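The lines below spell out each chain.
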Amino acid sequence: MKKYGRKRHIAKTFTWRIIGSLDTIILSWIISGDLKIGFAIGGAEVLTKMTLYYFHERIWFNTRIFIIQTSHIRHLIKTVTWRLVGTIDTMLLGWFVTGDIKLGLAIGGFEVITKMFLYFLHERVWYKYVRYGLNNDEK
C-alpha cells in the first residue's frame, strides 16, 4: 500500500511544482521588474519546493485525523500548512536572489494569495479526478 502512495505523491509533486514555479516566475518578474530575477527565484525553488512538498505529502498521507480525512476541511488545512512552508521558502529565496529583504517579503506576500487558490484547486483535482497511484484500500 505505501508503494502506491509514494508514486502518487511523486506525481503530485511534479504537477504542483510546474504550476507553482510558473506562478513564482511571473510574480517575481512583475514585482522585481526583472525577468532574470523571476527565472532565478523560480528556478531555485524547484529543488527546495519539490523536496519540501514531497515531505509535506508524506506527512499528510500518514496523518489520520478522524473526521477531516476525506473532507474539504482536510484540503483546506493542507492548503494552509503547505502555504506556510512554501511562503517562507519563497521569501528566503527572494531575499537571497535579490539581496533585498523587502522584495523577498513582497514576492512571498503576493504568493500567499495566488498559491493558496492554485494549491486548493490542485488538491481537489487530484482528489476527485486523478486515480493514479491509488488502489482500493487507499484514497
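In this text, all values refer to a predicted model and were calculated from it rather than measured experimentally.

Visitor: Residues and numbers for the overall build of the chain, please.
Guide: Scanning the chain from N- to C-terminus turns up four helices and zero strands. In the chain, the succession of α and β elements from N to C terminus is α-α-α-α. For the chain, buried positions account for 41% of its 139 residues. Pairs at least 24 apart in sequence give 76% of the contacts found in the chain among residues at least 6 apart. Carbon and sulfur atoms form 74% of the exposed surface of the chain, whose accessible area is close to 7800 Å².

Visitor: Give me helix α4 (residues 101-129): which residues, what numbers.
Guide: Here α4 spans 40 Å end to end across 29 residues, near enough to the 42 Å set by a 1.5 Å rise per residue. If you look at α4, its biggest bend is around 35°, right at Val-112. Considered for burial, the residues of α4 that qualify are Gly-104, Ile-107, Gly-108, Glu-111, Lys-115, Tyr-119, His-122, Glu-123, Arg-124, Trp-126 and Tyr-127. For α4, the capping residue at the N-terminal end is Asp-100, with a side-chain oxygen 2.9 Å from the backbone nitrogen of Lys-102.

Visitor: Break down the packing of aromatic side chains for me, citing the residues and quoting the values.
Guide: Within this structure, the stated rule accounts for five aromatic pairs. Centroid distance Tyr-53 to Trp-82: 5.2 Å. Interplanar angle 85°. Geometry classified as edge-to-face. In this pair, Tyr-53 sits in helix α2 (residues 35-61) while Trp-82 sits in helix α3 (residues 72-98), placing the two residues 29 residues apart along the sequence. The two residues Tyr-53 and Trp-82 agree in class, both being buried. Measuring from ring centre to ring centre gives 5.6 Å for Trp-95 and Phe-96, while their planes differ by 25°; the resulting arrangement is stacked. Counting every residue linked through ring pairs, the aromatic cluster contains Trp-16, Tyr-53, Trp-82 and Tyr-119.

Visitor: Describe in detail a nonpolar patch on the surface, supporting the description with residues and values.
Guide: Taken together, Leu-84, Ile-88, Leu-92, Trp-95, Phe-96, Ile-101 and Leu-105 make up a surface patch of nonpolar side chains, about 680 Å² in accessible area. Broken down by secondary-structure element, the contributors of at least two residues to the nonpolar patch are α3 and α4. Looking at the nonpolar patch, the element that brings in the most residues is α3, giving five residues. Of note, Phe-96 is situated in helix α3.

Visitor: Please give an account of the pattern of salt bridges that cites residues and values.
Guide: Considering all chains together, one arrives at 10 salt bridges under this definition. Across the salt bridge formed by Glu-45 and Arg-17, the nearest N and O atoms sit 2.7 Å from each other. Separated by 28 residues along the polypeptide, Glu-45 in helix α2 and Arg-17 in helix α1 (residues 2-32) bring together distant segments of the chain. Of the two residues, Glu-45 and Arg-17, neither departs from the other in class, the shared state being buried. Three or more residues joined by partner-sharing salt bridges are found here, namely Lys-12, Glu-57, Lys-78 and Glu-123.

Visitor: If you had to explain the confidence of the model for the chain to someone new, which residues and values would you point to?
Guide: Scored by pLDDT, the chain has a mean of 85; 89% of the residues are at 70 or more. Between the elements of the chain, mean pLDDT differs from a low of 86, seen in α1, to a high of 91, seen in α4.

Visitor: Mind laying out the packing of α2 against α3, listing which residues take part and the relevant values?
Guide: Relative orientation and spacing of two packed helices are given, respectively, by the angle between their axes and the distance between those axes. As a packed pair, α2 and α3 sit with axes 9 Å apart at the nearest point and diverge in direction by 150°. With respect to each other, α2 and α3 are oriented roughly antiparallel. Remark: the crossing between α2 and α3 carries right-handed chirality. Residue composition of the contact of α2 with α3, grouped by class: 13 nonpolar, seven polar and seven charged.

Cut-offs applied
- Residues numbered from 1 in each chain as written.
- Predicted model: local features only at pLDDT ≥ 70, side-chain atom pairs only at ≥ 80, totals over all residues.
- Heavy atoms only, no water.
- Helix = DSSP H or I, 4+ residues; strand = E, 2+ residues; numbered from the N terminus.
- Buried < 20%, exposed > 50% of the residue type's maximum accessible area, 1.4 Å probe, protein only.
- Contact = heavy atoms within 4.5 Å.
- Areas by Shrake-Rupley, 256 points an atom, 1.4 Å probe, with all protein chains shown as cover.
- Expected span 1.5 Å × (residues − 1).
- Bend = angle between axes of the 7 residues up to and from the residue.
- Polar contact = N/O pair within 3.5 Å; in protein donor to acceptor, adjacent residues only side chain to side chain.
- Phe/Tyr/Trp six-rings, centres within 6.5 Å; stacked < 30°, edge-to-face > 60°.
- Patch = residues over 30% accessible without salt bridge, like charges linked within 9 Å, V, L, I, M, F, W, Y side chains within 5 Å.
- Salt bridge = Lys/Arg side-chain N within 4 Å of Asp/Glu carboxyl O.
- pLDDT = per-residue confidence, 0-100.
- Axes fitted to C-alpha atoms, helices over the stretch in contact; angles between N-to-C directions.
- Parallel < 35°, antiparallel > 145°, perpendicular 65-115°, else oblique.
- Left-handed = near helix turned anticlockwise from the far one by under 90°.
- Nonpolar A, V, L, I, M, F, W, Y, C, P; charged D, E, K, R; others polar.

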